[in-house]
Amino acid sequence: MTKFPPSGASFLPGDRSFLDPLRSDADTPAAARAVVIPFGLEASVSYGGGTAQGPAAIMSASHQLELFDDELWREAYADYGIAALQMPPLPDSVSASLDQLAAVTDSVLAAGKMPFILGGEHSLTAGAIRPFAKRFPDDLVVLQFDAHWDLRDGYLGEAFSHAAAMRRVLDQPGHQNITLVSVGIRAFSEPEARFYEANRKRMHVHFGHDQARWTLDEIVAPLRGKPVYITFDIDALDAHVMPATGTPVPGGLGYQQALEILRAACNAAGQVVGMDLVEFAPIANFHAFDFTAAQLAAKMLNYALSGTGRHSLV
Ligand SMILES: [Mn+2]
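### Considering the overall build of the protein
Reasoning step 1: Counting secondary structure elements, the protein contains 10 helices and nine strands.
Reasoning step 2: By its C-alpha atoms, the protein is 50 × 45 × 45 Å across when sized along the principal axes.
Reasoning step 3: Counting the 314 residues in the protein, one finds 50% classified as buried.
Reasoning step 4: At a minimum sequence separation of 6, the contacts of the protein that also span at least 24 residues come to 77%.

### Some thoughts on the sheet that holds strand S9 (residues 271–278)
Reasoning step 1: Taken in spatial order, the nine strands of this open sheet run S1-S3-S2-S4-S9-S8-S5-S6-S7, and their pairing is mixed. Single-partner strands in this sheet number two, and they are strand S1 (10–11) and strand S7 (203–207).
Reasoning step 2: Judged from the seven bridges that link them, strand S8 (residues 227–233) and S9 form a sheet pairing that is parallel. Bridged to Asp233 within S9 is Val278.

### A closer look at the packing of helix H9 (residues 255–268) against helix H10 (residues 287–306)
Reasoning step 1: Between H9 and H10, the shortest axis-to-axis distance is 9 Å and the interhelical angle comes to 20°. As summarised for this structure, H9 and H10 are arranged roughly parallel, according to the angle between their axes. Taken as a pair, H9 and H10 cross one another with a handedness that is right-handed. In this structure, H9 uses Tyr255, Leu259, Leu262, Arg263 and Cys266 to contact H10, whose residues at the interface are Thr292, Lys299, Met300, Tyr303 and Ala304.
Reasoning step 2: When its residues are assigned to classes, the contact of H9 with H10 shows seven nonpolar, one polar and two charged.

### Some details on the pairing of S9
Reasoning step 1: Taken across its eight residues, S9 has seven buried, putting it largely inside the fold.
Reasoning step 2: At this point the chain moves from S8, through H9, to the parallel S9, and the crossover so formed is right-handed.

### Quick word on the pairing of strand S2 (residues 34–39)
Reasoning step 1: Counting buried positions along S2 yields six of six residues, so the element is predominantly enclosed.
Reasoning step 2: Side-chain alternation along S2 places Ala34, Val36 and Pro38 on one buried face and Val35, Ile37 and Phe39 on a second face that is also buried.
Reasoning step 3: Sheet topology places S2 next to strand S3 (residues 82–86); three bridges connect them, and they run parallel. Paired with Val35 across the bridge in S3 is Ala83.
Reasoning step 4: Judged from the six bridges that link them, S2 and strand S4 (residues 114–119) form a sheet pairing that is parallel. Note on S4: the bridge partner recorded for Pro38 is Leu118.

### Regarding the nonpolar core
Reasoning step 1: Residues Val35, Ile37, Ile82, Val228, Ala265, Ala297 and Met300 are the most contacted members of the largest nonpolar core, which totals 99 residues.
Reasoning step 2: When near neighbours in sequence (up to four residues on either side) are disregarded, Val35 contacts Ala83, Leu85, Val108, Lys113, Met114, Pro115 and Phe116.

### Description of H9
Note: α-helices contain 3.6 residues per turn, so residues at a spacing of three or four share the same orientation.
Reasoning step 1: Counted at 1.5 Å a residue, the expected span for H9 with its 14 residues is 20 Å, and the 20 Å between its end C-alpha atoms agrees.
Reasoning step 2: Among the residues of H9, those classed as buried are Ala258, Ile261, Leu262, Arg263, Ala265, Cys266 and Ala268.
Reasoning step 3: In this structure, the buried side of H9 is in contact with strand S5 (141–145), strand S6 (179–185), helix H8 (216–220), S8, S9 and H10.

### Let's talk about the packing of helix H1 (residues 54–62) against H10
When two helices pack together, their arrangement is captured by the angle between the axes and the distance separating the axes.
Reasoning step 1: At a minimum axis separation of 8 Å, H1 and H10 run at an interaxial angle of 80°. In terms of orientation, H1 lies roughly perpendicular with respect to H10. Between H1 and H10, the contacting residues are Ala57, Ile58, Ala61 and Ser62 on the first element and His287, Asp290, Phe291, Ala293, Ala294, Ala297 and Ala298 on the second.
Reasoning step 2: When the residues that make up the contact of H1 with H10 are grouped by side-chain class, the tally is eight nonpolar, two polar and one charged.

### Focus: unusual backbone geometry
Reasoning step 1: Put simply, Gly119 and Gly120 share a cis peptide bond, and its omega is 5°.
Reasoning step 2: With phi around 70°, Glu279 is a residue other than glycine that occupies positive phi space.
Reasoning step 3: Among the structural elements, Glu279 can be located in the loop between S9 and H10.
Reasoning step 4: Even without being a glycine, Asn285 presents a positive backbone phi close to 65°.
Reasoning step 5: Counting through the fold element by element, Asn285 comes out in the loop between S9 and H10.
Reasoning step 6: Residue Asn285 is classed as exposed on the basis of its 5 C-beta neighbours within 10 Å.

Rules behind the numbers
Residues numbered from 1 in each chain as written. Predicted model: local features only at pLDDT ≥ 70, side-chain atom pairs only at ≥ 80, totals over all residues. Helix = DSSP H or I, 4+ residues; strand = E, 2+ residues; numbered from the N terminus. Buried ≥ 20, exposed ≤ 12 C-beta atoms within 10 Å, placed from the backbone. Contact = placed C-beta atoms within 7 Å. Pairing = 2+ DSSP bridges. Axes fitted to C-alpha atoms, helices over the stretch in contact; angles between N-to-C directions. Parallel < 35°, antiparallel > 145°, perpendicular 65-115°, else oblique. Left-handed = near helix turned anticlockwise from the far one by under 90°. Nonpolar A, V, L, I, M, F, W, Y, C, P; charged D, E, K, R; others polar. Right-handed = clockwise from strand over helix to strand, strands pointing away. Core = buried A, V, L, I, M, F, W, Y, C linked by C-beta atoms within 7 Å. Expected span 1.5 Å × (residues − 1).

Put into structure tokens, the structure is as follows:
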């Protein structure tokens, strides 16, 4: 039996956990189905920094969110329960950090709970995904929201760079059946384009420049009935909605548009097995963006674990 919480980690007390400390499940973290893992990895940043502070800013802004979900028309968190972990200090190297995260994610899954990692830079997904690849070797689908494709085979000498995150997900040793669905992509290099051309069987992409032609049905078709891991790089959102990120790119998703796709994805998936929200880099004294990131995180949990029905007023 795997130990839970995993060794070195502990449950955060209610007043430092996710959402309002006065929520009804604040004293029963062991019973929670969702486990928030704050993981402020920041090692391979290529432009603006600050994502190490992302998890703490999201956690603290989450205390200001309404517990009542405006679409589900109830305090949706109570359907599933939320615990948050205090992680041990990060090791020095990126690869040791990814090993640590893979071990923690594995223990959360072994306990029958859904891990939700708050980053931190996108390279963390390459570690987080390992236990999922092991458990769902035949049909795991990774749904990526991102401005960048992250398909480089390493960047600036770092194989586990944030710019290589999805490449590392797709080349998990022994796991060549992972499918990648990418939404909002609008900044990538020629080698990444060529990699896509050579791997189209495993990849579906919805480019930013094509937004007017996207349909929800088309985006979620590969997810139907499958185990789905959602990785949401916050720079998928348009830079005017979310400038608090290291490498913002114009021409991205609106907030409600992102929710609409998330809702459809959670509805289509056989099961959402895990999630991360990465690359949030808070801007000091500009709390609107902390709140946006926290609200997005809460919506992801509600859609994944509580349902996707709208305004069930009966
Ligand atoms: Mn990314």
